Amino acid sequence: SIDFRVDPVPLEIGGLEVLADAPILSQGRLVQNGFVDRVLQGRGRFVIPSEIENSAERSVSALLQRTGRVTTQPTSLGDRVVMLGTQGYCAPAIYIDGARVSGENLILDQVVPINVVDAMEVYRSEAEAPPEFAGGLAGCGVIAVWTKTR
């Protein structure tokens, strides 16, 4: 038997230009906080910086509704973000820059305006959520919001 060993050599194809739009991978803070890793794992729904920048939405809750997992319920204080859980609509666990914020009647749009949001994550359940977001009200889902300041 004869073995041939050949070093791989890139083949240049004239007229072919490959463009890749991967701005999320170059966002240092989103790499450091684990967001990019979670996007690559593919569990949950994600709103990346370019989607936020190119969106005509004027509120965090409106942008979250585009994930197909979130809706709002009107309250006397404003619209409350809710998700469909096993017992109907309920308030998800909400994290801002990795810190859990509490309050069944939390009005997310009043806590974090859309112009400071860098990225968002939405998980339907505790089973879908990564360990750092599990527990508490995670049975109703999890929303993680990352701001431009972190």
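Check the entry above for the structure.
Everything numeric in this text was worked out from a predicted model, so none of it was measured.

## Describing the pattern of salt bridges
Then, in step 1: Taken as a whole and judged by the stated rule, the model has five salt bridges.
Then, in step 2: For Asp-118, the salt bridge goes to Arg-29, with nearest N and O atoms at 2.7 Å. Taken together, the positions of Asp-118 in strand β7 (residues 117–123) and Arg-29 in helix α1 (residues 28–32) put the pair 89 residues apart, joining distant regions of the chain.
Then, in step 3: What makes Arg-29 partly exposed here is its relative accessible area of 30%.
Then, in step 4: For Arg-38, the salt bridge identified is with Glu-132, shortest N-O distance 2.7 Å. Pair noted here: Arg-38 is in helix α2 (residues 35–41) and Glu-132 is in the loop between β7 and β8 (142–147), with a separation of 94 residues, a long-range link.
Then, in step 5: Exposure remark for Glu-132: the relative accessible area of 44% places this residue in the partly exposed category.
Then, in step 6: Via salt bridges that share partners, Arg-38, Glu-121 and Glu-132 belong to a single interconnected network.

## Quick notes on the packing of aromatic side chains
Then, in step 1: This structure, assessed with the given rule, holds five aromatic pairs.
Then, in step 2: Between Tyr-95 and Phe-133, the aromatic rings sit 4.9 Å apart at their centres with planes inclined by 55°, giving tilted as the arrangement. Of this pair, Tyr-95 sits in strand β5 (residues 93–96) while Phe-133 sits in the loop between β7 and β8, and the two are 38 residues apart along the sequence. By the burial criterion, Tyr-95 is buried, and Phe-133 matches it.
Then, in step 3: By way of ring pairs, the aromatic residues Phe-35, Phe-46, Tyr-95, Tyr-123, Phe-133 and Trp-146 are connected into one cluster.

Cut-offs and rules
Residues numbered from 1 in each chain as written. Predicted model: local features only at pLDDT ≥ 70, side-chain atom pairs only at ≥ 80, totals over all residues. Heavy atoms only, no water. Salt bridge = Lys/Arg side-chain N within 4 Å of Asp/Glu carboxyl O. Helix = DSSP H or I, 4+ residues; strand = E, 2+ residues; numbered from the N terminus. Buried < 20%, exposed > 50% of the residue type's maximum accessible area, 1.4 Å probe, protein only. Phe/Tyr/Trp six-rings, centres within 6.5 Å; stacked < 30°, edge-to-face > 60°.

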